[in-house]
Amino acid sequence: MPTILGQNQYGKAENRVVRITRDGDTHHIKDLNVSVALSGDMDDVHYSGSNANVLPTDTTKNTVFAFAKEHGIESAEQFGIHLARHFVTSQEPIKVARIRIEEYGWERIATSDGNSKFIGADEVKHSFVRKGQETRTTQITFDGERWEIISGLKDLTVMNSTNSEFWGYVKDKYTTLKEAYDRILATDVSARWRYNWTSDDERMPNWEKSYEQARKHMLQAFAETYSLSLQQTLYQMGSRIINNRSEIDEIRFSLPNNHHFLVDLEPFGLKNDNEVYFAADRPYGLIEATVLRDGVEPKIPVDMTNL
Ligand SMILES: O=c1[nH]c(=O)c2[nH]c(=O)[nH]c2[nH]1
């Protein structure tokens, strides 16, 4: 049966580009997921395997990262227009470029001094929480006498665009990681905390207020900790909650280290001065620990944090 080629397109999908613009110590983030689909005179590559008209998908990926540096990202629309025009006007065989972009919004974390306008507060100039609501969780257990309440949250995504380092670690023959003195620190917070309210005879905590305060303290500790490791930041987040909320005795975190790798733009004659990053989704470091009030027994199951 004779066959013919129908509609076809190709390109690199889901280029996760993070562009930081540094305006003094105030940082701005653009976080995009860019998918490129090109079509045009591509019969030959399908019929005979001739790549003569094929701009590699790898090149389309590089173009996304190089354009983030060269042109900046004013808006997703403006960025997409630049890319689409480039592919169609620079490559004769390419007749149509379709650029799809998802943009993830970030807002600044408010400081602990109560200044919600963030003015004059250093920490928040580079500390962000992803827009969109996290998921709040709770588990209630009652044996007819005693209560156990373990509440928490998941998918609270945060990022510091500076004030994070990682160096001085063990190096064996398989270690290739370069020491970092100014890296992006980003994670999706999963946390479970246990209330010390266990009996109807005791005064019940205000659950709504407690949640809101626990969330606030963990965000502020994330923003205000100058981090030498995600482990250190985790401990600060936990102890800030335990120290400020007498109703909570124990908190367990599961924190993926959402790696952001600086893109090498040297091959394109561009200098990447900590501006353009590739946001990798896997594998990721996974840092988990419990922080406890001194003297209490740990009761949150180790494997519960990610449920
Ligand atoms: O904060 C970090 N903690 C680690 O244990 C670790 N390991 C690694 O490769 N990068 C990092 N970052």
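Now for a quick tour of the structure. (Residues numbered from 1 in each chain as written. Predicted model: local features only at pLDDT ≥ 70, side-chain atom pairs only at ≥ 80, totals over all residues. Heavy atoms only, no water.)

### Regarding the sheet that holds strand E3 (residues 94-104)
With respect to topology, five strands assemble into an open sheet ordered E3-E2-E1-E11-E10, the strand pairing being antiparallel. A single partner strand is all that each edge strand has here, and the edge strands are E3 and strand E10 (260-262). For this sheet, the mean angle separating the axes of adjacent strands, direction not counted, is 35 degrees. Note that E10 and strand E11 (residues 276-279) share three bridges and pair antiparallel. Across the sheet, Leu262 pairs through a bridge with Tyr277, a residue of E11. Contacting strand E1 (15-23), strand E2 (26-40) and E11, helix H2 (residues 57-70) runs over the sheet at an angle of about 15 degrees to E1. Sitting on the sheet, helix H3 (residues 76-90) touches E2 and E3, and the angle it makes with E3 is about 160 degrees. (Pairing = 2+ DSSP bridges. Helix = DSSP H or I, 4+ residues; strand = E, 2+ residues; numbered from the N terminus. Axes fitted to C-alpha atoms, helices over the stretch in contact; angles between N-to-C directions. Contact = heavy atoms within 4.5 Å.)

### Here we look at the site of the ligand
Around the ligand, the neighbouring residues are Phe166, Leu177, Arg183, Ser229, Leu230, Gln231 and Asn257. A distance of 2.7 Å is found between an oxygen atom of the ligand and a backbone nitrogen or oxygen belonging to Leu230. A distance of 3.3 Å separates a nitrogen atom of the ligand from a polar side-chain atom of Asn257. Summarising the interface, the protein chains cover 72% of the accessible area of the ligand, which totals 300 Å² for the free molecule. In a pocket analysis with a 2 Å cut-off to the grid points, the ligand is assigned to the largest pocket. Its residues assigned to classes, the shell around the ligand shows three nonpolar, three polar and one charged. (Near = heavy atom within 4 Å. Polar contact = N/O pair within 3.5 Å; in protein donor to acceptor, adjacent residues only side chain to side chain. Areas by Shrake-Rupley, 256 points an atom, 1.4 Å probe, with all protein chains shown as cover. 1 Å grid on protein atoms, 1.4 Å probe; cavity = no way out; pocket = protein on both sides within 12 Å on 5 of 7 lines; lining within 4 Å. Sits in = over half its atoms within 2 Å of the grid points. Nonpolar A, V, L, I, M, F, W, Y, C, P; charged D, E, K, R; others polar.)

### Observations concerning the packing of helix H4 (residues 207-224) against helix H5 (residues 230-244)
Here H4 crosses H5 at 140 degrees, and the two axes come no closer than 8 Å. In terms of their interaxial angle, H4 and H5 are classed as oblique. In this structure, H4 meets H5 at a crossing whose hand is right-handed. Along its contact with H4, which presents Ala214, His217, Met218, Gln220, Ala221, Phe222 and Glu224, the element H5 presents Thr233, Gln236, Met237, Arg240, Ile241 and Asn244. Each residue belonging to the contact of H4 with H5 can be placed in one class, and the counts come to six nonpolar, five polar and two charged. (Parallel < 35°, antiparallel > 145°, perpendicular 65-115°, else oblique. Left-handed = near helix turned anticlockwise from the far one by under 90°.)

### As for the packing of aromatic side chains
Across all of its chains, the model carries eight aromatic pairs by this definition. Between Phe142 and Trp147 the ring centres are 3.9 Å apart and the planes differ by 15 degrees, which places this aromatic pair in the stacked class. Ring centres 4.7 Å apart and planes at 85 degrees place the aromatic pair Tyr195 and Trp207 in the edge-to-face group. Here Tyr195, found in strand E8 (residues 185-195), pairs with Trp207, found in helix H4; they are 12 residues apart in sequence, far enough to count as distant. Judged by its relative accessible area of 2%, Tyr195 is buried. Taking relative accessible area as the criterion, Trp207 reaches 25% and is therefore assigned partly exposed. Among the aromatic side chains, those forming a connected cluster through ring pairs are Phe142, Trp147, Tyr195, Trp197 and Trp207. The ring centre of Trp106 lies 5.9 Å from the NZ or CZ of Arg130, which sits over that ring. Over the face of the ring belonging to Tyr169 we find Lys171, whose NZ or CZ atom lies 4.6 Å from the ring centre. (Phe/Tyr/Trp six-rings, centres within 6.5 Å; stacked < 30°, edge-to-face > 60°. Buried < 20%, exposed > 50% of the residue type's maximum accessible area, 1.4 Å probe, protein only. Lys NZ or Arg CZ within 6 Å of the ring centre and 35° of its normal.)

### Some points on the environment of Ile251
With respect to the helices, strands and loops of the structure, Ile251 is situated in strand E9 (residues 248-257). Overall, the relative accessible area of 0% leaves Ile251 in the buried class. Linking Ile251 and Met237, residues 14 residues apart in sequence, is a C-alpha distance of 9.5 Å. When neighbours within four sequence positions are excluded, Ile251 is seen to be in contact with Ala191, Arg192, Trp193, Met218, Gly238, Ile241, Ile242, Ala289, Thr290, Val291 and Ile300.

### Section: the pairing of E1
Direction of pairing for E1 relative to E2: antiparallel, over a ladder of nine bridges. Bridge assignment links Val17 to a residue of E2, and that residue is Leu32. Between the end of E1 and the start of E2, which pair antiparallel, lie two residues, with Gly24 showing a positive phi angle near 60 degrees. Pairing of E1 with E11, which is carried by three bridges, proceeds in the antiparallel orientation. Opposite Arg19, over in E11, you have Val276 as the bridge partner.

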